[in-house]
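# Geometric and topological summary
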Amino acid sequence: MNKIGVFYGSTTGTTEDLARRIAEKLDVPSAHIYDVSKLTEALVGEYDVLVLGSSTWGAGELQDDWYDGVKVLKESDLKEKTIALFGCGDAESYCDTFCDGMGIIYEDIKDSGCTIVGKVSAKDYSFSSSIAVIDGMFVGLALDDINESDRTEERIDAWVSDIKNHLA
């Protein structure tokens, strides 16, 4: 079984809560769930699978701790890694930058040689624009726990079921 590490950037606690819920469904022990501010090259090296989550702030920006986290990822060897992304956003108030933070991470790692899994169709979401969407698919799991909290559990379950096939 591949060793999974879950890394999140959370300012208000929402992304942390979602990271913990995702980790639990993936049977990842709490000792392997990290605030991205703790990310190091050595820590990246310990895991076969990285589950990376960020909220989106302002005009489509990464959560603050992810700026250093992305630098660490770019300096790390990701060639044999499997990466799954999830993002949190507000599709009503920030419909033109929904889950852009996840898209920024994707853009920064997509050419690193890693395998990115867990794309999700954008058709069941209401937003106007997102850099996290490529050819009608989010690059990972998009969550709006503010306006669509009633769909969060169902979306997490479907995504976890999909990515589990790629993580064994």
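These numbers were taken from a predicted model, which means no experiment stands behind them. (Residues numbered from 1 in each chain as written. Predicted model: local features only at pLDDT ≥ 70, side-chain atom pairs only at ≥ 80, totals over all residues. Heavy atoms only, no water.)

### Here we look at the packing of aromatic side chains
- All told, the structure shown has nine aromatic pairs when counted by the stated rule.
- Ring plane angle 15° and centroid distance 5.0 Å describe the contact between Phe-7 and Tyr-34, whose orientation is recorded as stacked. Placement of Phe-7 in strand E1 (residues 4-9) and of Tyr-34 in strand E2 (residues 33-35) is noted, with a sequence separation of 27 residues between them.
- Ring centres of Phe-98 and Phe-127 lie 5.6 Å apart, and the angle between their planes is 35°; on these two criteria the pair is classed as tilted. Residue Phe-98 is located in the loop between strand E5 (82-88) and helix H4 (100-109), and its partner Phe-127 is located in the loop between strand E7 (120-121) and strand E8 (133-134); the two are separated by 29 residues in the primary sequence.
- Judged by relative accessible area, which is 1%, Phe-98 ranks as buried.
- One cation-aromatic arrangement involves Lys-3 over Tyr-47; the distance from NZ or CZ to the ring centre is 5.1 Å.
- The ring of Tyr-125 carries the charged tip of Arg-155 above its face, separated from the ring centre by 3.9 Å. (Phe/Tyr/Trp six-rings, centres within 6.5 Å; stacked < 30°, edge-to-face > 60°. Helix = DSSP H or I, 4+ residues; strand = E, 2+ residues; numbered from the N terminus. Buried < 20%, exposed > 50% of the residue type's maximum accessible area, 1.4 Å probe, protein only. Lys NZ or Arg CZ within 6 Å of the ring centre and 35° of its normal.)

### Notes on helix H1 (residues 14-25)
- Along its twelve residues, H1 runs 17 Å from first to last C-alpha, staying within 8% of the 16 Å computed at 1.5 Å per residue.
- Of the positions making up H1, those classed as buried are Thr-15, Leu-18, Ala-19, Ile-22 and Ala-23. Across the axial projection of H1, the buried residues extend over an arc of 135°, all falling on one side.
- Check the buried side of H1 and you find it contacts E1, E2, strand E3 (49-57), E5, strand E10 (141-143) and helix H5 (149-167). (Expected span 1.5 Å × (residues − 1). Arc of directions from axis to C-beta. Contact = heavy atoms within 4.5 Å.)

### Things to note about the packing of helix H3 (residues 66-75) against H4
- H4 packs onto H3 with a crossing angle of 20° between their chain directions and a minimal axis gap of 10 Å. The orientation of H3 relative to H4 falls into the category roughly parallel. Crossing handedness for the pair H3 and H4: right-handed. From H3, Trp-66, Val-70, Leu-73 and Lys-74 reach across to H4, where they touch Ile-105, Asp-108 and Ile-109.
- Here the contact of H3 with H4 is built from residues that sort into five nonpolar, no polar and two charged. (Axes fitted to C-alpha atoms, helices over the stretch in contact; angles between N-to-C directions. Parallel < 35°, antiparallel > 145°, perpendicular 65-115°, else oblique. Left-handed = near helix turned anticlockwise from the far one by under 90°. Nonpolar A, V, L, I, M, F, W, Y, C, P; charged D, E, K, R; others polar.)

### A few points about the pairing of E5
- E5 sits mainly inside the fold: seven of its seven residues count as buried.
- Covered by surrounding structure in E5 are Thr-82, Ala-84, Phe-86 and Cys-88 together with Ile-83, Leu-85 and Gly-87, the residues of both alternating faces.
- Here E3 runs beside E5; their pairing, made up of seven bridges, is parallel. The residue of E5 that forms the bridge with Gly-53 is Phe-86.
- For E5 and strand E6 (residues 115-117), the ladder comprises three bridges, and the chain directions are parallel. In the sheet register, Ile-83 faces E6, and the bridge partner there is Ile-116.
- Each parallel crossover has a hand, and the one from E5 via H4 to E6 is right-handed. (Pairing = 2+ DSSP bridges. Right-handed = clockwise from strand over helix to strand, strands pointing away.)

### Section: the environment of Asp-144
- With respect to the helices and strands, the residue Asp-144 is situated in the loop between E10 and H5.
- Once the C-alpha coordinates of Asp-144 and Ala-91 are considered, the two residues, 53 residues apart in sequence, prove to be 6.5 Å apart.
- In contact with Asp-144, not counting residues within four places along its chain, are Gly-89, Asp-90, Ala-91, Glu-92, Phe-98, Ser-149 and Thr-152.
- Separated by 3.1 Å, the side chain of Asp-144 and the backbone nitrogen of Ile-146 make a polar contact. (Polar contact = N/O pair within 3.5 Å; in protein donor to acceptor, adjacent residues only side chain to side chain.)

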